[in-house]
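# Remarks on the overall topology
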Amino acid sequence: MYVSFMEILKKAQDSFTQVLSNATYAELLTLVFFFLGIALSAIIDKLIPEDVNPHEPKSNQELKELKTDHKMLNTNALKRTGLFTALAIGIHNFPEGFATFISALDSLTLGVTIALAIAIHNIPEGMAVSLPIYHATGERKKAFWYATLSGLAEPVGAVLGYFLLLPLMGDATLGITFAVVAGIMIYISFDELLPAARVYGNAHTTIAGLVFGMFIMASSLLIFKLV
């Protein structure tokens, strides 16, 4: 959230200002494409059914459906859950890889910071894929590779961004892309990360983590700039 509002949106507006030479119009375009990024993320989320969406909280009843009784796991249900979760995470990860590539293209410091934040966010996603597969099959390697494949959507997104946008890269393209990327990251933060934090903790620990995360991001960006 900090990086999106304080760094990426600012870069988008600066890029549009270079094209339009009018700060007000540049700000307007930045906001248009920022909310477009949010809308695109919401559409992707909407297309994934709630019962397999890894970011939708599961009720006790839904969790019970993974078991035939209280002692024996329904391995078919678990495997199906793992496979659909891998697919859903792969779809979610594609724009994240794209966002990291575009950010690093303009600033290596910003790109590394975003890559680190997304990497931390991907840890529980990998567990959401690997654990059901492992319990369903008993094979650690299979669980590992399914989780790995779901994460490969991010470098694929970066590669496609390189081939599709790099030849067209200019101030206007950078402005559009940065604004959309900021919208995507803000949507991910509010729709996925904060609700998940509330599930595992409480309101006070979530806010403390949010403020501490912003402090770490602000400090790291400032240190990189000073160095």
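Residues numbered from 1 in each chain as written. Predicted model: local features only at pLDDT ≥ 70, side-chain atom pairs only at ≥ 80, totals over all residues. Heavy atoms only, no water.

## What to know about the overall build of the protein
Where we set the bar: Secondary structure elements are defined from DSSP: runs of H or I of at least 4 residues count as helices, runs of E of at least 2 residues count as strands, and each element is numbered from the N terminus. Using a 1.4 Å probe on the protein chains alone, a residue whose accessible area is under 20% of its type maximum counts as buried, one over 50% counts as exposed, and one in between counts as partly exposed. Throughout, a contact is declared for two residues whenever any of their heavy atoms are within 4.5 Å. For every accessible area listed, the method is Shrake-Rupley and the probe measures 1.4 Å; residues are considered covered only by the protein chains on display.
Counting its secondary structure elements, the protein contains nine helices and zero strands. Mapped in sequence order, the helices and strands of the protein form the string α-α-α-α-α-α-α-α-α. In the protein, which comprises 227 residues, the share counted as buried stands at 35%. Considering only contacts within the protein whose residues lie at least 6 apart along the sequence, 76% involve residues at least 24 apart. Summed over its atoms, the accessible surface of the protein is roughly 13,400 Å², and 69% of this surface lies on carbon and sulfur atoms.

## Observations concerning unusual backbone geometry
Even without being a glycine, Ser21 presents a positive backbone phi close to 55°. Considering the arrangement of structural elements, one finds Ser21 in the loop between α1 (2–20) and α2 (23–47).

## Thoughts on the packing of aromatic side chains
Inclusion rule: Two aromatic rings from Phe, Tyr or Trp, using only the six-membered ring of Trp, form a pair when their centres are within 6.5 Å; if the ring planes differ by under 30 degrees the pair is stacked, by over 60 it is edge-to-face, and anything between is tilted.
On inspection of all chains with the given rule, the structure shows four aromatic pairs. For the pair Phe5 and Phe34, a centre-to-centre distance of 6.2 Å together with 50° between the ring planes defines the contact as tilted. Pair noted here: Phe5 is in helix α1 and Phe34 is in helix α2, with a separation of 29 residues, a long-range link. Judged by relative accessible area, which is 42%, Phe5 ranks as partly exposed.

## Quick word on α1
Note the cut-off: Expected helix span is taken as 1.5 Å per residue step, with the number of steps being one fewer than the number of residues. The seven residues ending at a residue and the seven starting there each receive a fitted axis; the angle between those axes is the bend at that residue.
Taking 1.5 Å as the rise per residue, α1 with 19 residues should run 27 Å; its terminal C-alpha atoms sit 26 Å apart, in good agreement. For α1, the principal kink sits at Ile8 and spans about 30°. Taken residue by residue, α1 has Val3, Ser4, Glu7, Ile8, Leu9, Ala12, Ser15 and Phe16 as its buried positions.

## Concerning the environment of Val159
Its location among the elements puts Val159 in helix α7 (residues 153–165). Taking relative accessible area as the criterion, Val159 reaches 42% and is therefore assigned partly exposed. Put simply, Val159 and Gly97 are 62 residues apart on the chain and 8.6 Å apart in space, counted from C-alpha to C-alpha.

## Quick notes on the environment of Met169
For Met169, the position within the fold is in the loop between α7 and α8 (171–200). Contact partners of Met169, with chain neighbours within four places excluded, come to Ile102, Leu105 and Leu174.

## Quick word on a nonpolar patch on the surface
Keep this limit in mind: Excluding any residue in a salt bridge, patches collect residues exceeding 30% relative accessible area, merging like charges within 9 Å and nonpolar Val, Leu, Ile, Met, Phe, Trp and Tyr side chains within 5 Å. Throughout this description, the term salt bridge denotes a Lys or Arg side-chain nitrogen within 4 Å of a carboxyl oxygen of Asp or Glu.
On the surface, Val19, Leu20, Tyr25, Leu28 and Val32 cluster together into a nonpolar patch covering about 460 Å² of accessible area. Secondary-structure assignment places Leu28 in helix α2.

## As for helix α6 (residues 140–151)
Residues that lie three or four places apart on an α-helix share one face, since the helix turns once every 3.6 residues. Quick note on the threshold: Taken from the helix axis, the directions to the C-beta atoms give the arc we talk about.
Over its twelve residues, α6 extends 17 Å from the first C-alpha to the last, a length consistent with the 16 Å expected when each residue adds 1.5 Å. Inspection of α6 places Ala143, Ala147 and Ser150 among the buried residues, and these make up the whole buried set. Along the axis of α6, the buried residues cluster in a sector spanning 60°; they form a single face. For α6, the exposed residues lying more than 90 degrees away from the buried face are Lys141, Trp145 and Leu149.

## As for the packing of α1 against α2
Packed helix pairs are characterised by how far apart their axes lie and by the angle those axes make with each other. We count it as follows: Under this scheme, a helix contributes an axis fitted over its contacting stretch, all axes are lines through C-alpha atoms, and angles between N-to-C directions fall in the 0 to 180 degree range. Oblique is the label for every angle not falling under 35 degrees (roughly parallel), over 145 degrees (roughly antiparallel), or within 65 to 115 degrees (roughly perpendicular). Working rule for handedness: look at the near helix, and if it is turned counterclockwise from the far one by less than a right angle, call the crossing left-handed; if clockwise, right-handed.
Where α1 contacts α2, the axes come no closer than 8 Å and their chain directions differ by 130°. Considering the angle they form, α1 stands oblique to α2. Crossing hand, α1 versus α2: right-handed. The residues of α2 that touch α1, namely those facing Phe5, Leu9, Ala12, Gln13, Phe16, Thr17 and Leu20, are Ala23, Tyr25, Ala26, Glu27, Leu29, Thr30, Phe33 and Phe34.

## What to know about the nonpolar core
The line we're drawing: Side-chain atoms within 4.5 Å link the members of a nonpolar core, which is a set of buried Ala, Val, Leu, Ile, Met, Phe, Trp, Tyr and Cys residues.
Counting residues in hydrophobic clusters, the biggest one holds 26 residues, and the most contacted among them are Val3, Ile8, Leu110, Ile114 and Phe178. Put simply, the parts of the chain that give this core at least two residues each are α1, α2, α4 (75–106), α5 (108–137), α8 and α9 (203–226). In this structure, Ile8 is in contact with Val3, Ser103, Leu110, Ile114, Phe178, Val181, Ala182 and Met185, ignoring residues within four places of it in sequence.

## Here we look at the environment of Tyr134
Position of Tyr134 among the secondary structure elements: in helix α5. Remark: the alpha-carbon pair of Tyr134 and Phe144, spanning ten residues in sequence, is separated by 8.5 Å. Excluding residues within four positions of it along the chain, Tyr134 makes contact with Glu139, Arg140 and Ala143.

## Some points on the confidence of the model for the protein
Detailed reading of the predicted model is not advised wherever pLDDT is low. Put simply, the rule reads: Per residue, pLDDT captures the predictor's confidence, and it can take any value from 0 to 100.
In this model, the protein carries an average pLDDT of 76, and 74% of its residues clear a pLDDT of 70 or more. Looking over the protein, one finds the lowest element-wise mean pLDDT in helix α3 (residues 60–64), namely 47, and the highest in α2, namely 90. In the model, residues 58–73 has pLDDT below 50 throughout and makes 17 contacts with residues more than four positions away in sequence or in other chains.

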